[in-house]
Amino acid sequence: MQTITRLDMLRSAVAGLRGGGASVALVPTMGALHEGHLTLIRAARGQADHVIASIFVNPRQFGEGEDLDAYPRQMERDAQLLAAEGVALLWAPLPDEVYPEGYATNISVSGVSAGLCGADRPGHFDGVATVVCKLFNQVLPDMAFFGEKDWQQLAVIRRMARDLDLTRPPVEAIHGIAIVREPDGLAMSSRNAYLTPEQRKHAAVLPRAMRKAIATLGAGVPQGEVLETLRADLLANGFDSVDYAEVSDADTIEPPARPDANARLFVAAKIGGTRLIDNMAV
């Protein structure tokens, strides 16, 4: 596996991988890899001749007071995991390669970015859309793979790619891969490492409470009552606060237009200083 940190070297290496018409898939990450990331790598290997993974802790998607400095960085371990999974190239750009001095461009995706995490973390999805667009332009992959745990992020990226004509060449397909969960149901996340053993035990309440809420909705209990009970369950079982618990349309991230709409339950809640998110189909 090649590890590359400079753009001129990246473009030369990608051109070499494409020799003979081979296809290339991109799996963007911020590192601190876990089984969820490796599942994306395996899905990409099943679709493309070569897989490129990127590791870049993007400062533009962290707001004031968030965990940019504390975000886990373990490049050597991550590189070993990627090499073991058959990744052809690790793109690990230096910060000045992504945002050189004088950088002044920002991509903002309205609509799908407005609610949920977008409301709680102003500017977050602008940072996501900007860096993903740059990664697409740097790597020029045939396809890209993202996890569905960050469902709203995936919706923002798909909207951005459609609006900027990126889902024709160069990026022909954006694949969302199902959430990978721990044995107790907690969605895998790099931020789970922040939890103390006691907090980790309480964190498993989140997926259980969500499944219970979905079953109650299916039994015809009014949505407002169900969501209030969900919030109360979390607060009574170790969570310190609930940023949101909402049912939204899976594509627009707005309230469902019809009772039979393609809806999902979205939750963000905090234990101590750790913010956990999850989503499930309703």
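Residues numbered from 1 in each chain as written. Predicted model: local features only at pLDDT ≥ 70, side-chain atom pairs only at ≥ 80, totals over all residues. Heavy atoms only, no water.

Student: Honestly, the overall build of the chain in this entry has me stumped. Any pointers?
Tutor: When helices and strands are tallied, the chain shows 10 helices and nine strands. Taking the principal axes of the C-alpha coordinates as reference, the chain spans close to 60 × 40 × 40 Å. Of all 282 residues assigned to the chain, the portion counted as buried reaches 51%. When contacts within the chain are restricted to residue pairs at least 6 apart in sequence, long-range pairs at least 24 apart make up 72% of them. Carbon and sulfur atoms form 50% of the exposed surface of the chain, whose accessible area is close to 12900 Å². (Helix = DSSP H or I, 4+ residues; strand = E, 2+ residues; numbered from the N terminus. Buried < 20%, exposed > 50% of the residue type's maximum accessible area, 1.4 Å probe, protein only. Contact = heavy atoms within 4.5 Å. Areas by Shrake-Rupley, 256 points an atom, 1.4 Å probe, with all protein chains shown as cover.)

Student: Got a minute to help me understand the packing of aromatic side chains in this structure?
Tutor: Think of a pair of aromatic rings as described by two things: how far the centres are apart, and how the planes are tilted against each other in angle. Here the structure, examined in full by the defined rule, presents four aromatic pairs. Their ring planes at 70° and their centres at 5.1 Å tell us that Tyr-99 and Tyr-103 sit as a pair that is edge-to-face. According to the relative accessible area criterion, Tyr-99 is buried, its value standing at 14%. An aromatic cluster of at least three residues, connected via ring pairs, comprises Phe-56, Tyr-99 and Tyr-103. Stacked on the ring of Tyr-99, the Lys or Arg Arg-60 has its end atom at 4.7 Å from the ring centre. The cationic tip of Arg-264 hangs over the ring face of Trp-151; the distance from NZ or CZ to the ring centre is 3.9 Å. (Phe/Tyr/Trp six-rings, centres within 6.5 Å; stacked < 30°, edge-to-face > 60°. Lys NZ or Arg CZ within 6 Å of the ring centre and 35° of its normal.)

Student: Is there a simple way to explain the UniProt feature "binding site: (R)-pantoate" (unreviewed entry) in the chain in this structure?
Tutor: As recorded in UniProt, the feature "binding site: (R)-pantoate" (unreviewed entry) lies at Gln-61 and Gln-153. Considering the C-alpha atoms alone, the annotated residues occupy 93 residues of sequence yet fold into one spot, their largest mutual distance being 11.1 Å. Looking at Gln-61, the relative accessible area reads 9%, which means it is buried. Aside from chain neighbours lying at most four places away, what touches Gln-61 is Met-30, Glu-66, Arg-121, His-124, Gly-127, Val-128 and Val-131. (UniProt positions renumbered as here; feature names shortened; annotations may be inferred.)

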